[in-house]
Amino acid sequence: MIRTTHMEVFNLRDFEDVAREKLDPVYYDYFASGAQDEVTLAANEAAFRRLALVPRILRGHGPPRLAGSVLGCESSMPVLLAPTAFHRLAWPSEGEAATARAAREAGVIMIAAMLSTITIEEIAAAGGTLWFQLYIQPDLGFTESLVRRAEAAGCRALVVTVDSPALGRNERGDRNDFHDLPPGIFCANMRGSGRSDGRNDGHVRQVSLSPEISWRHVEWLRGVTRLPILLKGVLHPADAAQAVSCGVDGLIVSNHGGRQLDTTPATIDRLPVIADAVGGQVPLLLDGGVRRGTDVVKALALGASAVALGRPVLWGLAGGGADGVAQVLSLLRRELENALTLCGADSPGALTKDQVVG
Ligand code: FNR
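Residues numbered from 1 in each chain as written. Predicted model: local features only at pLDDT ≥ 70, side-chain atom pairs only at ≥ 80, totals over all residues.

A. Spotlight on the UniProt feature "binding site: glyoxylate" (unreviewed entry) in the protein. Mapped onto this structure's residue numbering, the UniProt feature "binding site: glyoxylate" (unreviewed entry) falls at Tyr-30, Tyr-135, His-256 and Arg-259. Considering the arrangement of structural elements, one finds Tyr-135 in the loop between strand E6 (130–134) and helix H6 (140–152). Residues within four places of Tyr-135 in sequence aside, it is in contact with Met-114, Thr-161, Ser-164, Val-207 and Leu-209. Examined against the element boundaries, Arg-259 turns out to sit in the loop between strand E9 (250–253) and helix H10 (267–278). You can call Arg-259 buried: it has 23 C-beta atoms within 10 Å. Leave out the neighbours within four places in its chain, and Arg-259 touches Gly-34, Ala-35, Gly-168 and Asn-170. (UniProt positions renumbered as here; feature names shortened; annotations may be inferred. Helix = DSSP H or I, 4+ residues; strand = E, 2+ residues; numbered from the N terminus. Contact = placed C-beta atoms within 7 Å. Buried ≥ 20, exposed ≤ 12 C-beta atoms within 10 Å, placed from the backbone.)

B. Here's a closer look at the site of the ligand. Near the ligand there are 22 residues, and of these Ala-82, Thr-161, Gly-257, Gly-310 and Arg-311 occur at the shortest range. Considered class by class, the residues forming the shell around the ligand number eight nonpolar, 10 polar and four charged. (Near = placed C-beta within 6 Å. Nonpolar A, V, L, I, M, F, W, Y, C, P; charged D, E, K, R; others polar.)

C. Just the UniProt feature "active site" (unreviewed entry) in the protein, in detail. Mapped onto the present numbering, the UniProt feature "active site" (unreviewed entry) falls at His-256. Tracing the backbone through its elements, the reader meets His-256 in the loop between E9 and H10. Filtering out sequence-adjacent residues up to four positions away, His-256 remains in contact with Asp-163 and Gly-233.

D. Structural context of the packing of helix H4 (residues 96–106) against helix H12 (residues 311–343). Contact geometry of H4 with H12 gives a least axis separation of 8 Å together with a crossing angle of 15 degrees. Here H4 is positioned roughly parallel relative to H12, judged by the angle of their axes. Two packed elements cross with a definite hand, and for H4 against H12 that hand is left-handed. Between H4 and H12, the residues in contact are Ala-98, Thr-99, Arg-101, Ala-102, Glu-105 and Ala-106 and Val-313, Leu-317, Gly-321, Ala-322, Val-325, Ala-326 and Leu-329, respectively. Grouping the amino acids of the contact of H4 with H12 by side-chain chemistry returns nine nonpolar, two polar and two charged. (Axes fitted to C-alpha atoms, helices over the stretch in contact; angles between N-to-C directions. Parallel < 35°, antiparallel > 145°, perpendicular 65-115°, else oblique. Left-handed = near helix turned anticlockwise from the far one by under 90°.)

E. Expanded view of the pairing of E9. Residues Gly-250 and Ile-252 of E9 are buried on one face, and the alternating residues Leu-251 and Val-253, pointing to the opposite face, are buried as well. The sheet contact formed by strand E8 (residues 229–234) and E9 spans four bridges and is parallel. When the sheet's bridge partners are listed, Leu-231 is paired in E9 with Leu-251. Alignment of E9 against strand E10 (residues 284–287), held across three bridges, turns out to be parallel. Across the sheet, the residue bridging to Ile-252 is Leu-285, located in E10. Taking the sense of rotation as the criterion, the β-α-β connection linking E9, H10 and E10 turns out right-handed. (Pairing = 2+ DSSP bridges. Right-handed = clockwise from strand over helix to strand, strands pointing away.)

F. Structural context of the environment of Ala-42. Mapping Ala-42 onto the fold places it in helix H3 (residues 39–50). Considering only alpha carbons, one finds Ala-42 and Thr-263, 221 residues apart in sequence, at a separation of 9.8 Å.

This is the structure in structure tokens:
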């Protein structure tokens, strides 16, 4: 159990205090912040609190089973690691390798970010089941080379982030003048992108977040890989339906943890309409504000196959490297098991949407 001079950790939120104590305040702000007024950042967690859970009783089935699979990938619980950039800012010696080791040991899927600070090949060497997150770059030749590297590294799915035709306005970052990664830390996958040598260039300049990316690019990607493709950042039911007709294999209901367009709704509030639009044709995942086992249960009951965790993983990493991430996952697993038991569900699939009331 991680302890610091004055803190013991009992839940995921406690890890944020540990991380705040350990991190350079500029990096803490980078991880913690949302766009502009951080309305969406706050809304994600507030919406989970607002929803209530209705337990079913006397089902007598014993301890719940958490393990299952998503898009053919086994997972010891319906929780994935969301893609987050720059893990060496949290754990300089190993970065994403520490995160990947913890995910492997916990038997959960890690979505490796394109903007990682070690290469996808190095993450794969440390990791278990990996999916690769991609921002489609206008240079399709470079984008395809990233896809080929992810395939060769053994990644089992591609997660295309589609909520970023531009970078959200992050005022904490502006106030801190945080626009460059420190010497020795760089976007390791981005060498050869033509935009930088992948070295210590401004971190924003290393990636093209382009307003030109469209459905045409998703169709192009569908044609160049046989890996399952998920779109991450879907909030509108019409987009969800279009994604399914484009041959996309899964969707992640996400507002980027409140870091892109501020004042978007909380993800858990959008899940029911997206689930209706998709009608079970492809698996739905959700991220944003998941901090408790009860949050996971609410998302599962409302139609998600699994959830993904962003910041809590970073707080664990900053607090204790792979051990810190392992503790975050183990705390959440215990809470999820407890919440399912108290809800009278013997597995995630046994939850029903009438068990969540607004
Ligand atoms: C992110 N997120 C993200 N998403 C993505 O598709 N590519 C990326 O490079 C990043 N980078 C990133 C950095 C940091 C510091 C954060 C906090 C988030 C978004 C992430 O995948 C996820 O959508 C949110 O973090 C989920 O919300 P919570 O769990 O942080 O509330």
